[in-house]
Amino acid sequence: FMNQTNQDTRAAWYEIMGQEKIMEMLGAKLIDTKSIEHANGDLEIVQLYKTTERFAETGGEPLAWVKFVCPSTGTNYLIDVEPKHTDALEAAVSTSPLVENPDDYRFDGRA
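Residues numbered from 1 in each chain as written. Predicted model: local features only at pLDDT ≥ 70, side-chain atom pairs only at ≥ 80, totals over all residues. Heavy atoms only, no water.

Enquirer: Can you break down the overall build of the protein residue by residue, with the values?
Expert: For the protein, the helix and strand inventory stands at three helices and four strands. The linear arrangement of helices and strands in the protein, starting from the amino end, is α-α-β-β-β-β-α. With the C-alpha coordinates of the protein rotated into their principal frame, the extents come out at 50 × 25 × 25 Å. Each of the 111 residues in the protein was classed as buried or not, and the buried ones make up 33%. (Helix = DSSP H or I, 4+ residues; strand = E, 2+ residues; numbered from the N terminus. Buried < 20%, exposed > 50% of the residue type's maximum accessible area, 1.4 Å probe, protein only.)

Enquirer: Outline helix H2 (residues 19-26), supporting the account with residue identities and numerical values.
Expert: Among all positions of H2, only Gln19, Ile22, Met23 and Leu26 are buried. Summarising the axial view, the buried residues of H2 lie within an arc of 100°, below the 170-degree limit, and thus occupy one face. H2 presents Glu20 and Glu24 as exposed residues on the side facing more than 90 degrees away from its buried surface. The inward-facing, buried residues of H2 contact helix H1 (7-17), strand S2 (43-50), strand S3 (64-69) and strand S4 (76-81). (Arc of directions from axis to C-beta. Contact = heavy atoms within 4.5 Å.)

Enquirer: Could you give an account of a nonpolar patch on the surface, naming the residues involved and the relevant values?
Expert: The grouping of Trp13, Ile16, Met17 and Met25 at the surface amounts to a nonpolar patch, some 400 Å² of accessible area in total. Top contributing element to the nonpolar patch by residue count: H1, with three residues. Along the polypeptide, Trp13 turns up in helix H1. (Patch = residues over 30% accessible without salt bridge, like charges linked within 9 Å, V, L, I, M, F, W, Y side chains within 5 Å. Areas by Shrake-Rupley, 256 points an atom, 1.4 Å probe, with all protein chains shown as cover. Salt bridge = Lys/Arg side-chain N within 4 Å of Asp/Glu carboxyl O.)

Set out below in structure tokens:
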């Protein structure tokens, strides 16, 4: 992956391997963790990960992901985010079309 210079080929590897395997292969590091207590009492954990390597695909920046742990099922979800983030909650908010402010990232319930 690291020796591949063709960005289309790298993108194909990324899709085939999936985010978790790419993170593992590239040695992504945990940058920040936040616990959010929602209005219904659920506690959600969000974590921000970044690679130490920088990539042309991100304008010379690292790859970055936010990991969500669902409070009710314990299921992990990874979503890629812009590498500018240093705060896990801000990165989580950036993935939501319904929330614009970290202070508003509080839910009354789950669907």
